[in-house]
Amino acid sequence: YENCRILSLITQADNLFDPEIGIYVTGNVFEKAYAEGGMGNRWMFWPGNYRMRGKEWEREAIFHFFDEQGTLQLKKTGGIRIHGGVSRGTLPKSLNLYSRTEYDGESAFNLELFDNGYKPKRVTLSAGGDQLITQFSDYVMTERVSGLNFATLTHVPYILFINGEYWGFYWLNEKYDENYVEYYYGVDEENIILIKNGDLEVGREGEEVLFDELELYIQQLDLTKEENYHKVCELIDIESYIDYNAVMLYIARRDDWPFTNYAVWKTRDVKNDGYSDGRWRWMLFDCNSLSMGNEENGPDHDTLTYMLSDEMVKISPMFSSLWKNETFRKKFEERIFWVADECFEASEMSQFIDQYSQKMIPILLKSWARFYGSERNVLGEFYNYMEYHRIFFNGRRAEVEEWFAPDE
């Protein structure tokens with residue numbers, strides 16, 4: 001377990017594995033759906049206890065956080081829930097960890113879990129989402145694009161034990177909430193509106209419609225007129241929007257984005273002091289599926305055409321609306337090539353992939369053995385996936401250049 005911190009999680013076994021209340025199993029939710037014939041064809045979407053959400057499906061646990069040397073850093077009681085979307089149906093599962101006063105009198109983890117002064121109220125122990133084998137893409141975003149004009153999630157490597165049993169490798173990462181925004185942006189947590197996937201995560205009842213109303217307003221503007229573009233720039237942080245989309249289009253994020261797997265925030269009251277200006281800003285997460293290359297998605301995937309397609313105009317019209325403005329197009333073109341050269345330059349990414357593989361394979365071998373046994377050539381799968389990433393970054397810039405080449 002070298003180079004990794006350790007989390008020992010202790011909880012009543014029934015909290016995880018009981019068919020009635022266990023959150024880690026198919027359980028009675030599955031049995032009821034099966035009896036009623038409501039299963040569907042794809043097993044990863046089948047109902048189960050692990051698909052249930054909300055406070056009712058949070059279970060009490062004791063956390064012991066150890067550093068890389070095995071020294072206990074924090075012991076506390078908190079809550080656990082299953083985390084994720086489709087990945088709830090796979091193994092291992094990601095977990096959300098909560099600090100609440102109702103458990104031990106503390107509303108936050110009294111430990112700088114990410115070595116940056118931040119003491120969160122809730123965190124995610126991620127098993128990798130759609131990248132259970134490599135657990136690569138979300139981590140790479142932390143390393144390559146943090147510092148741009150949108151929020152990112154810090155990732156720290158952890159080994160998990162549950163009730164004393166080895167439970168594999170995970171990335172511990174932050175969660176977007178009022179505590180995160182207050183700490184990183186210096187705004188009052190009571191003045192924050194945060195929307196994720198169309199749902200109100202932070203704010204007051206009724207404010208969940210504000211971002212939808214913004215999209216509709218932008219769609220209705222004639223953005224060939226510069227004065228209308230300036231109106232939009234008063235409502236959104238245009239640098240945040242451009243940086244966010246430049247990164248997502250460059251890594252070829254698609255299919256379940258941008259109409260899902262997005263998050264935005266703003267302050268409710270305008271105070272004209274830095275980030276309290278009332279403009280919407282973007283937050284990056286979930287880059288572990290359909291991005292950075294795979295067997296079906298090479299470097300030639302035209303994400304720009306995808307974003308401007310009739311289908312996307314109907315369900316996520318903001319980008320296509322802004323694309324009509326010449327100033328926006330010029331800024332976007334300039335920024336996506338900056339991202340290509342400064343964040344994802346091919347030789348640097350190839351070296352990054354090699355270093356990641358060298359560091360992580362010894363750690364992941366134990367984790368793979370825990371969940372997949374010896375019958376499956378998981379190491380071969382790992383190398384295949386990493387080669388897809390290498391091919392993607394080696395060829396991506398040239399393909400993006402074609403988006404902006406003059407028509408012959």
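For the structure itself, look to the data block above.
Visitor: Please clarify how the layout of surface pockets should be interpreted in this entry.
Guide: It is a probe the size of a water molecule, rolled over the atoms, that shows where empty space is left. Reported here for the second largest pocket is a volume of approximately 240 Å³. Around the second largest pocket, the lining is made up of 19 residues, and of these Phe 211, Glu 215, Pro 258, Tyr 262 and Ser 316 lie nearest the centre. Contributing elements (two or more residues each) for the lining of the second largest pocket: α6 (210-220), α8 (238-250), α10 (310-315) and α11 (318-322). Ranked by residue count, the leading element in the lining of the second largest pocket is α6, at four residues. Taken together, the residues of the lining of the second largest pocket break down into 13 nonpolar, three polar and three charged.

Visitor: What is the right way to look at the sheet that holds strand β11 (residues 281-283) in this model?
Guide: Hydrogen bonds between backbone groups are what pair the strands of a sheet, and the pairing can be parallel or antiparallel. The strand order across the open sheet built from four strands is β9-β8-β10-β11, with neighbouring strands paired in antiparallel fashion. Since the sheet does not close on itself, it has two edges, and those belong to β9 (199-202) and β11, each with one partner. Strand after strand, the sheet turns through a mean of 30 degrees between neighbouring axes, direction not considered. Where strand β10 (residues 263-267) and β11 come together, three bridges link them in antiparallel fashion. Residue pairing for β11: Val 264 is matched across the bridge by Trp 282. With respect to the sheet, helix α5 (residues 178-185) is in contact with β8 (192-196), β9, β10 and β11, its orientation differing from that of β8 by roughly 120 degrees.

Visitor: Sorry if this is basic, but what is going on with the sheet that holds strand β6 (residues 155-162) here?
Guide: Taken together, the seven strands give a closed barrel; going around it, the order is β1-β2-β3-β4-β5-β7-β6, and neighbouring strands pair in mixed fashion. Mean inter-strand twist for the sheet, computed between neighbouring axes without regard to direction, equals 40 degrees. Note: β6 against strand β7 (residues 165-174), seven bridges, orientation antiparallel. Along β7, the bridge assignment pairs Pro 157 with Trp 171.

Visitor: What exactly am I supposed to notice about the packing of helix α12 (residues 326-342) against helix α14 (residues 378-403) here?
Guide: Where α12 contacts α14, the axes come no closer than 11 Å and their chain directions differ by 170 degrees. By the criterion of interaxial angle, the relationship of α12 to α14 is roughly antiparallel. Of the residues in α14, those in contact with Ile 336, Phe 337, Ala 340 and Asp 341 of α12 are Arg 397, Val 400, Glu 401 and Trp 403. Across the contact of α12 with α14, the residue classes tally to five nonpolar, no polar and three charged.

Visitor: I keep staring at the state of the cysteines and nothing clicks. Help me out?
Guide: In protein structure, a disulfide is the covalent linkage between the sulfur atoms of two cysteines. Scanning all chains against the criterion turns up zero disulfides. Here Cys 287 stays free of any disulfide, with the sulfur of Cys 343 as its closest cysteine sulfur at 12 Å.

Visitor: Mind showing me how you'd approach the nonpolar core here?
Guide: Generally speaking, a soluble globular protein has its nonpolar side chains buried in company with each other. Counting 125 residues, the largest nonpolar core has Leu 97 and Phe 344 as the members making the most contacts within it. It is helix α13 (residues 346-372) that provides the largest number of residues to this core, a total of eleven residues. Leaving out residues up to four positions away in the same chain, Leu 97 has contacts with Leu 7, Leu 9, Phe 63, Phe 65, Gly 79, Ile 80, Phe 109, Lys 121, Arg 122, Val 123 and Leu 172.

Visitor: What is the right way to look at the environment of Asp 138 in this model?
Guide: With respect to the helices and strands, the residue Asp 138 is situated in helix α4 (residues 137-145). The class for Asp 138 is buried, based on a relative accessible area of 16%. A sequence separation of 14 residues divides Asp 138 from Thr 152, and the C-alpha atoms of the two residues are 9.6 Å apart. Leaving out residues up to four positions away in the same chain, Asp 138 has contacts with His 155, Asp 286, Cys 287 and Asn 288.

Visitor: How do you make sense of the packing of aromatic side chains when you look at a structure like this?
Guide: The description of two aromatic rings rests on the distance between their centres and on the angle between their planes. The full count for this structure, using the stated rule, is 48 aromatic pairs. With centroids separated by 5.0 Å and ring planes inclined at 75 degrees, the aromatic side chains of Phe 136 and Tyr 356 adopt a geometry described as edge-to-face. Here Phe 136 is found in the loop between β5 (122-126) and α4, whereas its partner Tyr 356 is found in helix α13, with 220 residues between them in sequence. Residues Phe 136 and Tyr 356 agree in their burial class; the two are buried. Between the aromatic rings of Tyr 176 and Phe 285, the centroid separation amounts to 6.5 Å while the plane-to-plane angle is 75 degrees, which identifies the pairing as edge-to-face.

Definitions and limits used
- Residues numbered from 1 in each chain as written.
- Predicted model: local features only at pLDDT ≥ 70, side-chain atom pairs only at ≥ 80, totals over all residues.
- Heavy atoms only, no water.
- 1 Å grid on protein atoms, 1.4 Å probe; cavity = no way out; pocket = protein on both sides within 12 Å on 5 of 7 lines; lining within 4 Å.
- Points joined across faces, edges and corners; volume = space filled by probe spheres on them.
- Helix = DSSP H or I, 4+ residues; strand = E, 2+ residues; numbered from the N terminus.
- Nonpolar A, V, L, I, M, F, W, Y, C, P; charged D, E, K, R; others polar.
- Pairing = 2+ DSSP bridges.
- Axes fitted to C-alpha atoms, helices over the stretch in contact; angles between N-to-C directions.
- Contact = heavy atoms within 4.5 Å.
- Parallel < 35°, antiparallel > 145°, perpendicular 65-115°, else oblique.
- Disulfide = S-S within 2.5 Å.
- Core = buried A, V, L, I, M, F, W, Y, C linked by side-chain atoms within 4.5 Å.
- Buried < 20%, exposed > 50% of the residue type's maximum accessible area, 1.4 Å probe, protein only.
- Phe/Tyr/Trp six-rings, centres within 6.5 Å; stacked < 30°, edge-to-face > 60°.

Honestly, that's just the spatial picture; any functional story needs more than this.
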